[in-house]
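Residues per chain are reported as follows:
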Number of protein chains: 2
Amino acid sequence: MIETPYLLFLGDAPDQLAAKVAQGIKDWRPQYALGQFRMEGCKADLKIADMSLAQAKEAGAKTLVIGVANRGGVISQAWKKVLVAALEEGFDLASGLHNLLRDEPDLVAVAESCGRKLHDVRVPSVKYPIANGLKRSGKRCLAVGTDCSVGKMYTSLAMDKVMKARGLKSSFRATGQTGILITGDGVPLDAVVADFMAGSIEYLTPDTDDDHWDMIEGQGSLFHVSYSGVTMALVHGGQPDALVLSHEPTRPHMRGLPGYELPSLEALRDTALPLARVANPACEVIGISVNTAAMSEDEALSYLEGVEKRMGLPTVDPFRQGADRLCDALLAV
Amino acid sequence: MIETPYLLFLGDAPDQLAAKVAQGIKDWRPQYALGQFRMEGCKADLKIADMSLAQAKEAGAKTLVIGVANRGGVISQAWKKVLVAALEEGFDLASGLHNLLRDEPDLVAVAESCGRKLHDVRVPSVKYPIANGLKRSGKRCLAVGTDCSVGKMYTSLAMDKVMKARGLKSSFRATGQTGILITGDGVPLDAVVADFMAGSIEYLTPDTDDDHWDMIEGQGSLFHVSYSGVTMALVHGGQPDALVLSHEPTRPHMRGLPGYELPSLEALRDTALPLARVANPACEVIGISVNTAAMSEDEALSYLEGVEKRMGLPTVDPFRQGADRLCDALLAV
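So, how was this worked out
Residues numbered from 1 in each chain as written. Chains lettered and ligands numbered in written order. Predicted model: local features only at pLDDT ≥ 70, side-chain atom pairs only at ≥ 80, totals over all residues. Heavy atoms only, no water. Buried < 20%, exposed > 50% of the residue type's maximum accessible area, 1.4 Å probe, protein only. Helix = DSSP H or I, 4+ residues; strand = E, 2+ residues; numbered from the N terminus. Pairing = 2+ DSSP bridges. Polar contact = N/O pair within 3.5 Å; in protein donor to acceptor, adjacent residues only side chain to side chain. Contact = heavy atoms within 4.5 Å. Least-squares fit on C-alpha atoms with pLDDT ≥ 70 in both. Salt bridge = Lys/Arg side-chain N within 4 Å of Asp/Glu carboxyl O. Buried area = accessible area lost by both parts, 1.4 Å probe. Nonpolar A, V, L, I, M, F, W, Y, C, P; charged D, E, K, R; others polar. Core = buried A, V, L, I, M, F, W, Y, C linked by side-chain atoms within 4.5 Å. Expected span 1.5 Å × (residues − 1). Axes fitted to C-alpha atoms, helices over the stretch in contact; angles between N-to-C directions. Parallel < 35°, antiparallel > 145°, perpendicular 65-115°, else oblique. Left-handed = near helix turned anticlockwise from the far one by under 90°. Phe/Tyr/Trp six-rings, centres within 6.5 Å; stacked < 30°, edge-to-face > 60°. Lys NZ or Arg CZ within 6 Å of the ring centre and 35° of its normal.

> I would appreciate a short explanation of the pairing of strand E9 (residues 242–247) of chain B in the present structure.
Along a regular strand, successive side chains alternate from one face of the sheet to the other. Residue and element names in this part refer to chain B. Burial of E9 is extensive: six of the six residues sit out of reach of the surface. Going residue by residue along E9, you find Ala242, Val244 and Ser246 tucked away on one face and Leu243, Leu245 and His247 tucked away on the opposite face as well. In terms of strand pairing, E9 meets strand E10 (residues 284–290) through six bridges, oriented parallel. Residue Ala242 lies in a different strand from E10, and its bridge partner there is Glu284.

Written as structure tokens, this is what we have:
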């Protein structure tokens, strides 16, 4: 559990895209995004207050979150100076970088002497159980994709936001590094040992109130041969009551797999639903989310309408249109 | 890679069943099973030569394999004496125990000073790649089960044996600890990190001759909610040309999951085959193996006949009948 609120470290980000983790936190948990810390030459801007470490501390920030990708797979000396100063100032550090904070002896030494925590969210911090398959109370919704990176996390965050805006009980349950940094908690599923994958998702989505929805962040795709095992563990460990099908319609082939075509939404439905019903016989596909970022507004609306008609399910781009119709369908289950 | 041949350590096994790993090695790789080492009170017997460490060394044994389950999750002092003496005598040690050899400081120290290896086959020793999904040369057969522990490993070993007896090219590819100890090599799939599962199976079953068959050891079941992700990685990473459906007909519920019924063989076929065809569109289900150990001969034969008629596929218990008919079907693909 990462302590909130955050000071978002943008470092010397070469462009806005490099700071997309920080942007995600600011977009989805603005209450955690107390301020941004930018170094000289930083080209990203979240349009929130620039703060020094001391100002952020004064304002109540608990953790400095590295919200930017680094270059070359190393933590530069320029970054280190800030990170060390942050630990000394009393901040914990949180990072989703491939090179771990815990592998930097100087950061470890300073963190220990200051009594601060280093959170590497790519690495599991819990010894997860083997899944027991027992039925849990409460409701769960999982987005499953025709491919990786088609907007599953965005869809679940958008649905969680709508539910909360309506005063309903909902939790976004993060299963990847960006999601974990956004919410401050979760399971880095792709780094979990095979035998414990489904168990880690049972752990992540425990018994809750009967009218509470967990919006579980999806990973990979049942049709992506590199990562399908991870997706399968979500489908069974999550025991979802509702599935949302997620799709990106302009992709020429499966991400990173030239020669592998994307499945149709029908094939995704017909594959995912029977598998989900092994763990939860009441599961239903409730809607479709499409990432239409690569289309014009007209193209997008006409595409969404076509899919909705063909599949007989509410079909939206949650970025263009919000997730209200998906939540309406969810609540009708 | 574990050096062969082996001296099989049976320790103080309380009964024959406790030595089932050693029994598997002796049954499937008799040429590796040079002799057995039994301590006082050992109740298991492989019916091969009893040897002292010195005798086994003289006979050419390279590795002492712990072929017996231990009690209470600790390696006893009585065992330790033998293991230390074996290292000093020039043997490597191999073990599939949960408590690792490498976690025993005394064994580590002696192994280092003697220049010997400690093989803990439950732990991956390779940094596996992420799966790339590229089509590989050669042929692959995978057993998929209605449940865990229904005879998938036995089926693949029996098919491999038939192929070799016919002078055909075949390799058994181990994905679990017993299989790895039997063959001396493999991937401990349930201990691999999620992102690398499918890649580890691509690594295990590389390009081979066009007329070579890899018999890939199955794990778990697509219908077992605790382990289905592991099975999924085998189906996609293995890119099988042929599937064998494996079943145990007397089981009241999924192993370890009261309340979860076993799927029908039809449901298994209809789930596994479309998923396998994502990675290999030419994949076919070629036969069915049934573990009829809990049935009388008459019951078993009548059950097998019934399934064969219903499913239209060669259906055998490879233990009772051998795997010849499965291999015939394989070669007809």
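So much for the structure itself; the text now carries on.
> In this structure, what is going on with the side chain of Asp241(A)? I would like to understand it.
Residue and element names in this part refer to chain A. Counting through the fold element by element, Asp241 comes out in the loop between helix H8 (228–237) and strand E9 (242–247). At 3.0 Å, the side chain of Asp241 forms a polar contact with the side chain of Asn280. With near-sequence residues (within four places) excluded, Asp241 lies in contact with Lys135, Gly138, Lys139, Arg140, Trp213, Asn280, Ala282, Cys283 and Glu284.

> Explain the relation of the copies chain A and chain B to me, please; I cannot follow it from the model alone.
Two chain copies, one operation linking them: a rotation about an axis together with a shift along it. Turning chain A through 180° and shifting it by 0.0 Å along the axis lays it on chain B, with an RMSD of 0.0 Å. Those values place the two copies in the arrangement expected of a two-fold rotation axis.

> When you look at the pairing of strand E6 (residues 139–145) of chain B in this model, what are you seeing that I'm missing?
All names here are of chain B. Counting buried residues along E6, six of its seven residues qualify, which places the element largely inside the surrounding structure. The pairing of E6 with strand E8 (residues 212–216) spans four bridges and is parallel. Looking at the pairing, Lys139 lines up with Trp213 of E8. Bridge count for E6 against E9 is five bridges, and the pairing is parallel. Paired with Cys141 across the two strands is Ala242, which belongs to E9.

> Help me out: how do you make sense of the pattern of salt bridges in this one?
Oppositely charged side chains can pair when the atoms bearing their charge come close. Residues and elements named next belong to chain B. Evaluation of the coordinates by the stated rule reveals 46 salt bridges over all chains. Across the salt bridge formed by Arg102 and Asp120, the nearest N and O atoms sit 3.1 Å from each other. Here Arg102 is found in the loop between strand E4 (92–95) and helix H4 (105–114), whereas its partner Asp120 is found in strand E5 (residues 118–120), with 18 residues between them in sequence. For Lys169, the salt bridge identified is with Asp209, shortest N-O distance 2.9 Å. Residue Lys169 is found in strand E7 (residues 169–173), and its partner Asp209 is found in the loop between helix H7 (197–204) and E8; the two are separated by 40 residues along the sequence. Overall, the relative accessible area of 45% leaves Asp209 in the partly exposed class.

> Can you help me understand the interface of chain A and chain B in this one?
Interface extent is often summarised as the accessible area lost during association of the parts. In this complex, chain A contributes 32 residues to the contact, which on the side of chain B involves 32 residues. Surface buried jointly by chain A and chain B totals about 2,500 Å² across both partners, of which 62% is contributed by carbon and sulfur atoms. Scanning the region where chain A abuts chain B turns up 10 residue pairs in polar contact (both at pLDDT 80 or more). Listing elements by their share of the side of chain A that touches chain B, those giving two or more residues are helix H7 (197–204), H8 and helix H9 (265–279) of chain A. Residue composition of the side of chain A that touches chain B, by class: 21 nonpolar, nine polar and two charged.

> Help me out: how do you make sense of the nonpolar core in this one?
A general feature of soluble globular proteins is that nonpolar side chains tend to end up buried together. Counting residues in each nonpolar core, the largest one holds 84 residues, and the members touching the most others are Leu243(A) and Leu243(B). Every residue in contact with Leu243(A), bar those within four places of it in the chain, is listed here: Leu142(A), Val144(A), Ala272(A), Leu273(A), Ala276(A), Cys283(A), Glu284(A), Val285(A), Ile286(A) and Gly287(A).

> Is there a simple way to explain helix H3 (residues 77–89) of chain A in this structure?
Think of an α-helix as 3.6 residues a turn; residues three or four steps apart then line up on the same face. Its 13 residues place the ends of H3(A) 18 Å apart at the C-alpha level, agreeing with the 18 Å of an ideal helix rising 1.5 Å per residue. Of all the positions in H3(A), only Trp79(A), Lys80(A), Val82(A), Leu83(A), Val84(A), Ala86(A) and Leu87(A) are classed as buried.

> I tried to follow the packing of H9(A) against helix H10 (residues 297–311) of chain A on my own but got confused; where do I start?
A pair of packed helices can be characterised by two numbers: the angle between their axes and the separation between those axes. Residue and element names in this part refer to chain A. Two numbers describe how H9 lies on H10: the axes approach to 11 Å, and their chain directions differ by 45°. One way to sum up the angle between H9 and H10 is to call them oblique. The element H9 and its partner H10 pack so that their crossing is right-handed. Across the interface between the two elements, Leu265, Glu266 and Arg269 from H9 touch Val307, Arg310 and Met311 from H10.

> Please explain the side chain of Thr175(A) as it appears in this structure.
All names here are of chain A. Relative to the helices and strands, Thr175 resides in the loop between strand E7 (169–173) and helix H6 (177–183). Overall, the relative accessible area of 1% leaves Thr175 in the buried class. Within the structure, the side chain of Thr175 is placed 2.9 Å from the side chain of Gln219, a separation counted as a polar contact. Excluding its chain neighbours within four sequence positions, the residues that come into contact with Thr175 are Val187, Pro188, Leu189, Ile201, Leu204, Ile216, Glu217, Gly218, Gln219 and Leu234.

> Would you mind showing me how to read the packing of H7(A) against H8(A) here?
Residue and element names in this part refer to chain A. Running from N to C, H7 and H8 point in directions that differ by 45°, and their axes come no closer than 8 Å. Taken together, the axis directions place H7 and H8 in an arrangement best described as oblique. You can see that H7 and H8 cross each other, and the crossing is right-handed. Here Met197, Ala198, Ile201 and Glu202 of H7 lie close against H8, whose contacting residues are Gly229, Val230, Ala233, Leu234 and Gly237. Partitioning the contact of H7 with H8 into residue classes produces six nonpolar, two polar and one charged.

> How do you make sense of the sheet that holds strand E8 (residues 212–216) of chain A when you look at a structure like this?
Backbone hydrogen bonds hold the strands of a sheet together, and the pairing may be parallel or antiparallel. All names here are of chain A. The strand order E7-E8-E6-E9-E10-E11 describes an open sheet built from six strands, whose pairing is parallel. Of all the strands in the sheet, the pair left with one neighbour each is E7 and strand E11 (315–316). Seen against the sheet, helix H12 (residues 324–331) touches strand E6 (139–145), E8, E9, strand E10 (284–290) and E11 and runs at an angle of roughly 175° to E10.

> Help me understand the sheet that holds E6(B), please; the structure alone is not making it clear to me.
All names here are of chain B. Read across the sheet, six strands follow the order E7-E8-E6-E9-E10-E11 without closing on themselves; strand pairing throughout is parallel. Strand pairing shows two members of the sheet lacking a second neighbour, E7 and strand E11 (315–316), which therefore form its edges. Helix H12 (residues 324–331) rests against E6, E8, E9, E10 and E11 of the sheet, and its axis sits at about 175° to E10.

> Sorry if this is basic, but what is going on with the packing of aromatic side chains here?
Two descriptors summarise a pair of aromatic rings, namely the distance from one centre to the other and the angle between the planes of the rings. Residues and elements named next belong to chain A. Going through the model one piece at a time under the given rule, you end up with 12 aromatic pairs over all chains. Taking 5.1 Å as the distance between ring centres and 85° as the angle between the ring planes, the aromatic pair formed by Phe9 and Trp79 counts as edge-to-face. Here Phe9, found in strand E1 (residues 6–11), pairs with Trp79, found in helix H3; they are 70 residues apart in sequence, far enough to count as distant. Seen from their ring centres, Trp28 and Tyr154 are 5.0 Å apart, and the 80° between their planes marks the pair as edge-to-face. With Trp28 in helix H1 (residues 20–28) and Tyr154 in helix H5 (residues 152–165), this residue pair connects regions lying 126 residues apart in the sequence. By relative accessible area, which is 13% here, Trp28 ends up buried. Within the aromatic cluster, the residues linked to one another by ring pairs are Phe9, Phe37 and Trp79. The ring of Phe91 carries the charged tip of Lys57 above its face, separated from the ring centre by 5.3 Å.

> Hey, could you run me through unusual backbone geometry in this one?
With the exception of glycine, the majority of residues adopt a negative phi angle, and the majority of peptide bonds are in the trans configuration. The peptide bond linking Thr4(A) to Pro5(A) adopts the cis configuration, its omega dihedral lying at -5°. Mapped onto the elements, Pro5(A) comes out in the segment before E1. Even without a glycine there, the phi angle at Gln239(A) is positive, about 35°. Summarising the element assignment, Gln239(A) is placed in the loop between H8 and E9. Taking the relative accessible area as the measure of exposure, Gln239(A) reaches 1% and is therefore buried. In this structure, Lys47(B) takes a positive phi of about 60° despite not being glycine. Mapped onto the elements, Lys47(B) comes out in the loop between strand E2 (33–38) and helix H2 (53–59).

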